[in-house]
Amino acid sequence: MMEKVRQIDMVIIGGGPAGLAAAIAAKKQGVANLLIIERDAQLGGILNQCIHNGFGLHTFKEELTGPEYAQRFVTQVEELQIPYCLHTMVMDISRERLVTAMNREDGIFQIQAKAIILAMGCRERPRGALNIPGYRPAGIYSAGTAQRLVNIEGYMPGREVVILGSGDIGLIMARRMTLEGAKVKVVAELMPYSGGLKRNIVQCLEDFDIPLKLSHTVIDIAGKERVEGITLARVDEKGKPITGTEEYIPCDTLLLSVGLIPENELSKEMGVELEQVTNGPKVNEQLETNIPGVFACGNVLHVHDLVDYVSEEASLAGRHAAAFVQNVNRKEKPVYVHIQTMDGVRYSVPSKICVERMEEEVVVRFRVGSVYKNQFISVYVDNERIWHRKRPAMAPGEMEQITLKKQKLMEYPNMQSITVKVEER
């Protein structure tokens, strides 16, 4: 028999970097009755398996490994005595913010929350999404699975490796496998540009003489019991393999680093409106979804390049969710201005703002759809350009951001839209 529904002011779904930062911000804002729910055996999320450095440069002004970065926030959670449940799976969230969860100790239980913060992170795109012909032999892993096997479980997935996809996890695993004694023969990328940070291309591939083949993909996998090799081919502008460019590469392992998808099954089922480009929730300037009192932050909202930005965004969500619980700065019917993205800008977070209610500054984050050199990012209010900055280089693998100032936007009381775009001059 299910126990009585518990009443809690705020529930944070996910105990990774986003959930931890959001909970800390909410607690500091005065929300005493809150709970973090985490499905894993420990707090910290994906950072626990990211043992490379490069984290924390913005947040702590020093270079940390993933576990070190996570521990800084876990320590704060402990010091603030924020309660959390581990090994707990959230099964359902209703529009009325009723959370149904289960774990081994409590069985199935329900929590009625005044506010919910979605911080479930993201997952890797599976092999099935790639339609690679061939059998299903052993030796094919997602890059994240291989990372967990090597860094946490202590297993070596293989010795002769090909990596498909040049996202950051793929680049980092190229270096990691090399350091563990494997031979990484090539990193192949379908697009004409890498999906990872420039610094990772340099530090993980170039420093180790690992070739990166752009506009290439795997068209066949050889081997029945275990991978014996793959066939690589160049692709045209439409991503179709070009006949005559095939190259067979012997290997025993294929790692797939073919993109990340926000983990939004729960969001979808509860009726949260999702952005088509990111597969994450559409949010306003307070990071609130279309369901009042339900906020989203971190990689469940859109996939970030730096965890420091995840923490920054999550702190904002925590503060605004706390204000919702405390009924501060709420308007009955806020008037929103939508942020339109075009000419190379794929989406924006937030996608709409209430100028009257916004803080003095709102950071708008977005990604571009191609590689741009010496172009400008421009912001228009209706047909008037209010912001224009040159960017020496922009690429899809790196997140861009602009800051909208309330004082400036208040000069346009009748504005219809805000537009963000890439311009040549």
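Below is a short write-up of the structure. Numbers given to residues run from 1 along each chain, matching the order in which its sequence is written. Totals for whole chains, interfaces and linings use every residue, but because this is a predicted model, local features are given only for residues with pLDDT of at least 70 and side-chain atom pairs only at 80 or more, for both listing and counting. Here the side-chain values reflect all heavy atoms present in the structure, with hydrogen atoms and water set aside.

## Brief notes about the overall build of the chain
For clarity, the threshold we go by: Think of it this way: any DSSP run of H or I at least four residues long counts as a helix, any run of E at least two long counts as a strand, and we number them from the N terminus. Accessible area is worked out with a 1.4 Å probe on protein chains only. A residue is then buried under 20% of its type maximum, exposed over 50%, and partly exposed in between. All accessibility values rest on the Shrake-Rupley procedure with a 1.4 Å probe; residue burial counts only the protein chains present in the view. When charges are counted, neither His nor the chain ends are considered; positive counts come from Lys and Arg and negative counts from Asp and Glu. Positions of charges follow a simple convention, taking NZ of Lys, CZ of Arg, CG of Asp or CD of Glu.
Scanning the chain from terminus to terminus reveals 8 helices and 26 strands. Here the C-alpha coordinates of the chain stretch approximately 65 × 60 × 40 Å along the principal axes. Counting every position in the chain, which comprises 425 residues, the buried fraction comes to 53%. Of the roughly 20,000 Å² of accessible surface on the chain, 48% is carried by carbon and sulfur atoms. Averaging the locations of the 50 positively and 54 negatively charged side chains of the chain gives two centres separated by 2 Å.

## So, the sheet that holds strand 23 (residues 372-381)
As a reminder, the rule being used: Any two strands with at least two DSSP bridges between them are considered paired.
The mixed open sheet is built from 5 strands, whose spatial order is 21-20-26-23-24. The sheet terminates laterally at strand 21 (352-353) and strand 24 (384-394), the two strands that pair on one side only. In this structure, strand 23 lies alongside strand 24, joined through 9 bridges in antiparallel fashion. Along strand 24, the bridge assignment pairs Tyr 372 with Met 394.

## Topic: the sheet that holds strand 16 (residues 247-250)
Heads up, the rule is: Interaxial angles span 0 to 180 degrees and are taken between N-to-C directions of axes, which are lines fitted to C-alpha atoms, for helices over the stretch in contact.
Sheet architecture is open: 3 strands sit in the order 14-15-16, paired in antiparallel fashion. With partners counted over all chains shown, the strands left at the sheet margins are strand 14 (216-222) and strand 16, one partner each. In this sheet, adjacent strand axes meet at a mean angle of 30° when their direction is disregarded. Across 6 bridges, the pairing between strand 14 and strand 15 (residues 229-234) is antiparallel. Among the inter-strand pairings, Thr 217 is bridged to a residue of strand 15, identified as Ala 233.

## Points about helix 5 (residues 198-205)
Condition: Each C-beta atom gives one direction from the helix axis, and the arc is the one those directions make. Should any heavy atoms of two residues lie within 4.5 Å, those residues are counted as being in contact.
Where helix 5 is concerned, the buried positions are Asn 200, Ile 201, Cys 204 and Leu 205. Considered in projection along helix 5, the buried side chains sweep an arc of 105° and stay on one side of the axis. In this structure, the buried residues of helix 5 make contact with helix 4 (168-179), strand 12 (183-189) and strand 13 (212-214).

## A short note on the pairing of strand 6 (residues 89-93)
Along a regular strand, successive side chains alternate from one face of the sheet to the other. As defined by bridge partners, strand 6 adjoins strand 7 (residues 98-103) across 4 bridges and the pair is classed as antiparallel. Within the sheet, the bridge partner assigned to Val 90 lies in strand 7 and is Ala 101. Taken together, strand 6 and the strand that follows it, strand 7, pair antiparallel across an intervening segment of 4 residues, in which Arg 97 is found at a positive phi of about 70°.

## Examining the pattern of salt bridges
Where we set the bar: Every case where a carboxyl oxygen of Asp or Glu lies within 4 Å of a side-chain nitrogen of Lys or Arg is listed as a salt bridge.
Counted according to the given criterion, the structure contains 17 salt bridges. Among the ionic pairs, Glu 285 bridges to Arg 357, the shortest N-O distance being 2.9 Å. Pair noted here: Glu 285 is in the loop between helix 6 (265-270) and strand 19 (294-296) and Arg 357 is in the loop between strand 21 and strand 22 (361-366), with a separation of 72 residues, a long-range link. Comparing Glu 285 with Arg 357, the two get one shared label, buried. Two residues, Arg 391 and Glu 400, come together in a salt bridge whose shortest N-O distance is 2.8 Å. Residue class for Glu 400 comes out buried when judged on its relative accessible area of 5%.

## A few points about the packing of aromatic side chains
Here is the rule: Stacked, edge-to-face and tilted are the three classes for Phe, Tyr and Trp ring pairs, Trp counted by its six-membered ring, which pair at centre distances within 6.5 Å; planes under 30 degrees apart are stacked, over 60 edge-to-face, the rest tilted.
Applying the stated criterion across every chain yields a total of 4 aromatic pairs. Between the aromatic rings of Phe 60 and Tyr 69, the centroid separation amounts to 5.5 Å while the plane-to-plane angle is 70°, which identifies the pairing as edge-to-face. For the pair Tyr 69 and Phe 73, a centre-to-centre distance of 5.3 Å together with 45° between the ring planes defines the contact as tilted. Of this pair, Tyr 69 and Phe 73 both sit in helix 2 (residues 66-79), 4 residues apart, which is roughly one turn of that helix.

## A short note on the nonpolar core
For the record, the criterion: Only buried residues count toward a nonpolar core. Its members are Ala, Val, Leu, Ile, Met, Phe, Trp, Tyr and Cys residues joined through side-chain atoms within 4.5 Å.
In terms of nonpolar packing, the biggest core is built from 65 residues, with Met 10, Ile 13, Ile 93, Val 99 and Leu 118 touching the most fellow members. Considering every element that reaches this core, the biggest residue donor is helix 7 (residues 307-325), with 8 residues. The contact partners of Val 99, leaving out residues within four places of it in the chain, are Val 11, Ile 13, Ile 37, Val 90, Asp 92, Ile 93, Phe 109, Gln 110, Ile 111 and Ile 116. Within the second largest apolar cluster, 23 residues are counted, among which are Val 345, Met 358, Phe 366 and Val 381.

## Brief notes about helix 1 (residues 17-28)
Residues spaced three or four apart along an α-helix face the same direction, because each turn holds 3.6 residues. The condition is simple: Here a helix's expected span is defined as the number of its residues, less one, multiplied by 1.5 Å.
Between its first and last C-alpha, helix 1 extends 17 Å over 12 residues, near the 16 Å set by a 1.5 Å rise per residue. With 10 of 12 residues buried, helix 1 is to be regarded as a mostly interior element. Along helix 1, the positions that sit buried rather than exposed are Pro 17, Ala 18, Gly 19, Leu 20, Ala 21, Ala 22, Ala 23, Ile 24, Ala 25 and Ala 26. Lining the buried residues of helix 1 we find strand 1 (6-13), strand 2 (34-37), helix 2, strand 8 (107-118) and helix 7. Gly 30 sits one or two positions beyond helix 1 and adopts a positive phi of about 110°.

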